[in-house]
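# Reading the structure
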Amino acid sequence: MKKKRNVLPYAMLIPGSVLMIALVFYPIIVTFYYSLQHMKLTAPQDNRFVGLQNYQKILSDSSFWYSLQNSMVILVVVVVLTAVVGLAIALLLNVDSKLNGVLTAIAIIPWALPPIVNGVMWRWIFHPSFGFLNRLLLRLDLVEQPVQWLNSRWSIMLIASLVVAWRNIPFCAVVTLSSLQAIPRQIYESAVIDGSGTWQTFKHITLPLLVPSFGIVLTSTSINAINVFDEIVSLSGYGDMSKNLMIDAYLRTFSFLDYGVGSALTYIIMILAGILGLIYIRNVYREVSYL
Amino acid sequence: MSRKKSPAFRVVYTLAIICFVAFSLGPILWSFIMSITPQSEMLANSTNFFPKNPTFQNYIKLIADSDQQGLLFRKGLVNSIKAAFLSLLLGIPFAVSFAYPLARIKFKGVKLIRDILLFTMAIPVFATIIPLYRLFVSLQLLDNLFGLVLVYITSFLPLTVWLLISYFDTLPRELEEAAYVDGCSRFGTMVRIILPISYPIIFAASLIVFLTTWNQFQIPLILAPSHATKPIAVVASEFVTKITVDYGLMNAGGILALIPPSIVAIVFRKFLITGIVGGATKG
């Protein structure tokens, strides 16, 4: 009986572990090995160990810093947009209303959709001649000529961030709403008795109590923002102007067939995402207490 | 809130709701309008918002026509449906079997495995894709639905396992102890006692599995190079880049690809919210 107890948990873990080891952990190690190789598919005879040279090559390449800048802009804009709009929607859904069922359904739709298709749809909002925004602006006589929204680096980055935020905001709103509703009513009542106004109550009671779940939401949002790929592809293709780190890694690996440098760049991205992952784990384990 | 709502509050609330709905559904609505706009009106360079002669021709083309675009589209649709069912069929038993011991049985290494699981959520797809691609080439698994689904499972396993763990954690231990006293085995207890009362979270996990599979792009982009296994999301994106220059058709393709996940989101919102919230907390 006792022996059986000890074997069962391990036996149940086997299928999942085998799959994760074979298709995640083993490939990650192999990728690291590739990243230390000179390994171009265009010159297959020339594979050799080069140590950290690929990493050096990337770090001294202005293309990397360009993509990193783009990734960082996306990261910051996505996190700020997600936090502000997500909180606003949570507060909106927290108001007692007959519409809440419908509104919640509307709120989570963007989260459920394929990111690649989201990018395609948003492209038609910003398209110079068929786009909704230009038609609106032309109609209202706010512009005379159609605006080329998807033609410059920073405007593509801002639009890409908006589209990425669009699918992350529902997650933020729903989690924030549930923590809003978990705050005991008595806390608000005693604040009112103490003469606290609406804004003061919000600032000193509601916001601090939302911090733990916000920590989780925003770290997971930043992991998503670092790993953005689909939306940029559908908004502006694999172009050089709009590339972030992920697109850069994709191009180096699958267009230029440079597996060595591509793997090294992927590792750099993974380290960035990994740091965020560690913060995420810390946030998840932090207890929420209302005392 | 119990206080009476002032007229000013009502105005602000209504405006905010309009903005929120426009922001959430606007792009979908505009894409739908474009999908029912005839090509001639689209190219007329007008500033009209609605077409004068809306047409569902693009949808008919994709659903019923036997030209190349329709065939590719329907193949993608069938591939996605097959992949989703296979993911559910294999992924949920994998996840339950992995989560249960981590939540309910004390043994060495539980904390470490939990941490590793959380950490894998941060790993970008490309960190594994080159070796996977080569592995798939050598095993002749490229364009094999089963192989593809196994990779999908690794992409959602950490999240679904985490969800299940945080739910199992909240169930009282007495449930199992009573079953053991009655002579139930560990495995029997899981199947007969714990799993039946966990159906909301298992269902939520299944919905997330469905959505993650439906929305895959990067993995099939590399591992499903031919149309034999290419899912709908990839086909819909190819409509933009290579298959057609017909804007109406592109939008119709996108809208059709959105229908299954939208229905899931609307019909099962309560379960999904349980899943979303459960995944973001320790439980």
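If you're wondering where the values come from, they're calculated on a predicted model, not measured in any experiment.

Here we come to the overall build of chain A. Helix and strand counts for chain A stand at twelve helices and two strands. Counting helices and strands in the order they occur from the N terminus, chain A gives α-β-β-α-α-α-α-α-α-α-α-α-α-α. For 291 residues, the compact-globule estimate of 2.2 N^0.38 gives 19 Å, and the C-alpha radius of gyration of chain A, at 24 Å, exceeds that figure by more than 25%. Projecting the C-alpha coordinates of chain A onto the three principal axes gives extents of approximately 80 × 80 × 30 Å. Taking all 291 residues of chain A together, the buried fraction comes to 44%. Long-range contacts, defined here as pairs at least 24 residues apart, represent 72% of the contacts in chain A between residues at least 6 apart.

The next thing to look at is the UniProt feature "domain: ABC transmembrane type-1" (unreviewed entry) in chain A. The UniProt record marks residues 68–280 of chain A with the feature "domain: ABC transmembrane type-1" (unreviewed entry), using the residue numbering of this structure. With 78% helix and 0% strand, residues 68–280 of chain A has its two end C-alpha atoms placed 21 Å apart.

Residues and elements named next belong to chain B. Under the UniProt annotation, "transmembrane region" (unreviewed entry) lies at residues 12–33, 83–103, 115–133, 145–168, 189–211 and 247–268. Secondary structure content for residues 83–103 is 100% helix and 0% strand, while the C-alpha to C-alpha distance between its ends is 29 Å. Helix makes up 100% of residues 145–168 and strand 0%, whereas the separation of the span's terminal C-alpha atoms amounts to 32 Å.

With 72 residues of chain B at the interface, the matching set in chain A holds 76 residues. In terms of residue count, the dominant contributor to the side of chain B that touches chain A is helix 1 (residues 7–35) of chain B (twelve residues). Its residues assigned to classes, the side of chain B that touches chain A shows 53 nonpolar, 15 polar and four charged.

Time to look at the environment of A:Phe229. Residues and elements named next belong to chain A. Within the secondary structure, Phe229 is located in the loop between helix 9 (198–226) and helix 10 (230–236). For Phe229, a count of 22 C-beta atoms within 10 Å translates into the label buried. Residues Phe229 and Ala160, 69 residues apart in the sequence, show an inter-C-alpha distance of 9.9 Å.

This part takes up the UniProt feature "transmembrane region" (unreviewed entry) in chain A. Feature annotation in UniProt assigns "transmembrane region" (unreviewed entry) to the following positions: residues 12–34, 72–95, 102–125, 154–177 and 256–281 of chain A. Between the first and last C-alpha atoms of residues 12–34 of chain A the distance is 33 Å; the span itself is 100% helix and 0% strand.

We now examine unusual backbone geometry. Residue and element names in this part refer to chain B. Phi at Gln140 is positive, roughly 55°, even though this residue is not glycine. Notably, Asp143 is not glycine yet its phi reads approximately 65°, a positive angle. Position of Asp143 relative to the elements: it lies in the loop between helix 6 (126–138) and helix 7 (145–168).

For helix 14 (residues 269–279) of chain B, a buried count of ten out of eleven residues is recorded, marking the element as mostly surrounded by other parts of the structure. When we look at burial in helix 14 of chain B, the residues that qualify are B:Arg269, B:Phe271, B:Leu272, B:Ile273, B:Thr274, B:Gly275, B:Ile276, B:Val277, B:Gly278 and B:Gly279. Packing partners of the buried residues in helix 14 of chain B comprise helix 4 (100–112) and helix 7 (153–182) of chain A together with helix 7, helix 10 (199–214) and helix 13 (247–267) of chain B.

Our focus in this paragraph is the packing of helix 4 (residues 68–104) of chain B against helix 10 of chain B. Residue and element names in this part refer to chain B. The interhelical angle for the contact between helix 4 and helix 10, taken along N-to-C directions, is 140°, at an axis separation of 9 Å. Judged by the angle between their axes, helix 4 and helix 10 are oblique. Considering the relative orientation of helix 4 and helix 10, their crossing is right-handed. Contacts between helix 4 and helix 10 involve Ser80, Ala83, Ala84, Ser87, Leu88, Gly91, Ile92, Ala95 and Val96 from the first element and Ile202, Ala205, Ser206, Val209, Phe210, Thr213 and Trp214 from the second. Looking at the contact of helix 4 with helix 10 residue by residue, the classes come out as eleven nonpolar, five polar and no charged.

For the rest of this paragraph, the subject is the environment of B:Lys270. Residues and elements named next belong to chain B. Mapped onto the fold, Lys270 is located in helix 14. Judged by C-beta crowding, with 13 C-beta atoms within 10 Å, Lys270 ranks as partly exposed. Remark: the alpha-carbon pair of Lys270 and Ala204, spanning 66 residues in sequence, is separated by 8.8 Å.

With that out of the way, let us pick up helix 8 (residues 185–193) of chain A. With zero of nine residues buried, helix 8 of chain A is to be regarded as a mostly surface element. Two residues or fewer after helix 8 of chain A comes A:Gly195, characterised by a positive phi angle close to 85°.

Parameters and conventions
Residues numbered from 1 in each chain as written. Chains lettered and ligands numbered in written order. Predicted model: local features only at pLDDT ≥ 70, side-chain atom pairs only at ≥ 80, totals over all residues. Helix = DSSP H or I, 4+ residues; strand = E, 2+ residues; numbered from the N terminus. Rg over C-alpha atoms; globule rule 2.2 N^0.38 Å. Buried ≥ 20, exposed ≤ 12 C-beta atoms within 10 Å, placed from the backbone. Contact = placed C-beta atoms within 7 Å. UniProt positions renumbered as here; feature names shortened; annotations may be inferred. Nonpolar A, V, L, I, M, F, W, Y, C, P; charged D, E, K, R; others polar. Axes fitted to C-alpha atoms, helices over the stretch in contact; angles between N-to-C directions. Parallel < 35°, antiparallel > 145°, perpendicular 65-115°, else oblique. Left-handed = near helix turned anticlockwise from the far one by under 90°.

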